[in-house]
Amino acid sequence: MAPDPGRPYDRHCEHLSGVPRPAGPVGEGCAECLAVGWSWSRLRWCTTCGHVGCCDSSRGRHGHAHHAATGHPVVLSLDPGEDWGWCYVDELFLVEASPPEGEAP
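Here's a quick rundown of the structure. Bear in mind the structure is a predicted one, so any value in this text is a computation, not a measurement.

Turning our eyes to something else, we now look at the overall build of the chain. Of the regular secondary structure elements, the chain holds two helices and six strands. Starting at the N terminus, the α and β elements of the chain follow one another as β-α-β-β-α-β-β-β. Put simply, the chain has 105 residues, and 36% of those count as buried. Partitioning the contacts of the chain with sequence separation of at least 6, the portion at a separation of at least 24 is 48%.

Here you go:
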């Protein structure tokens, strides 16, 4: 992952070293929403501990609540076709980084 080169200018994320991808299925959805019978819009995956929470457009905003409670900085979108992340600390949108020229992905 890397900062989105189109915005914001001259901003950097200090939390990107070794940002993993989920190795497999991450559960049935937002655990907090499931516990109270709520639905969600989209899911976010914490790159620090693997917590799955709902996005800020969802009723519970459990992804953001997880960051607020733990300080874990980076989440990745779990929605099909979305290859981006967000750093809560640096307030920076993150995109899939291209490998340096001549290197395989």
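A few words now on the pattern of salt bridges. Enumeration over the complete set of coordinates arrives at four salt bridges. Its salt-bridge partner being R42, residue D79 comes within 3.1 Å of it at the nearest N-O pair. You can see D79 sitting in the loop between strand 4 (74-77) and strand 5 (84-87) and its partner R42 sitting in the loop between helix 1 (31-36) and strand 2 (43-46), a full 37 residues away along the chain. Overall, R42 belongs to the partly exposed group, its relative accessible area being 37%. Taking the shortest distance from any N to any O, the salt bridge between E82 and R42 comes out at 3.2 Å. Of this pair, E82 sits in the loop between strand 4 and strand 5 while R42 sits in the loop between helix 1 and strand 2, and the two are 40 residues apart along the sequence.

Before going further, it helps to spend a moment on helix 2 (residues 62-70). In an α-helix, one turn spans 3.6 residues, which is why side chains three or four residues apart end up on the same side. Buried within helix 2 are the following residues: H62, G63, H66 and H67. Looking straight down helix 2, one finds that the buried residues subtend no more than 150° of arc, so they occupy a single side. Opposite the packed face of helix 2, turned more than 90 degrees from it, sit the exposed residues A68 and A69. Contact partners of the buried residues in helix 2: helix 1, strand 2 and strand 3 (52-54). Phi turns positive, to about 80°, at G71, one or two residues after helix 2.

The next thing to look at is the environment of V95. Within the secondary structure, V95 is located in strand 6 (residues 92-95). By relative accessible area, which is 21% here, V95 ends up partly exposed. Between the C-alpha atom of V95 and that of D83, which follows or precedes it by 12 residues, the distance is 6.4 Å.

Tallied over the entire structure, the rule returns zero disulfides. Of all cysteine sulfurs, the one in C49 lies closest to C46, which takes part in no disulfide; the gap is 3.8 Å.

Scoring rules and cut-offs
- Residues numbered from 1 in each chain as written.
- Predicted model: local features only at pLDDT ≥ 70, side-chain atom pairs only at ≥ 80, totals over all residues.
- Heavy atoms only, no water.
- Helix = DSSP H or I, 4+ residues; strand = E, 2+ residues; numbered from the N terminus.
- Buried < 20%, exposed > 50% of the residue type's maximum accessible area, 1.4 Å probe, protein only.
- Contact = heavy atoms within 4.5 Å.
- Salt bridge = Lys/Arg side-chain N within 4 Å of Asp/Glu carboxyl O.
- Arc of directions from axis to C-beta.
- Disulfide = S-S within 2.5 Å.

Shape is all these values report; function is a separate question.
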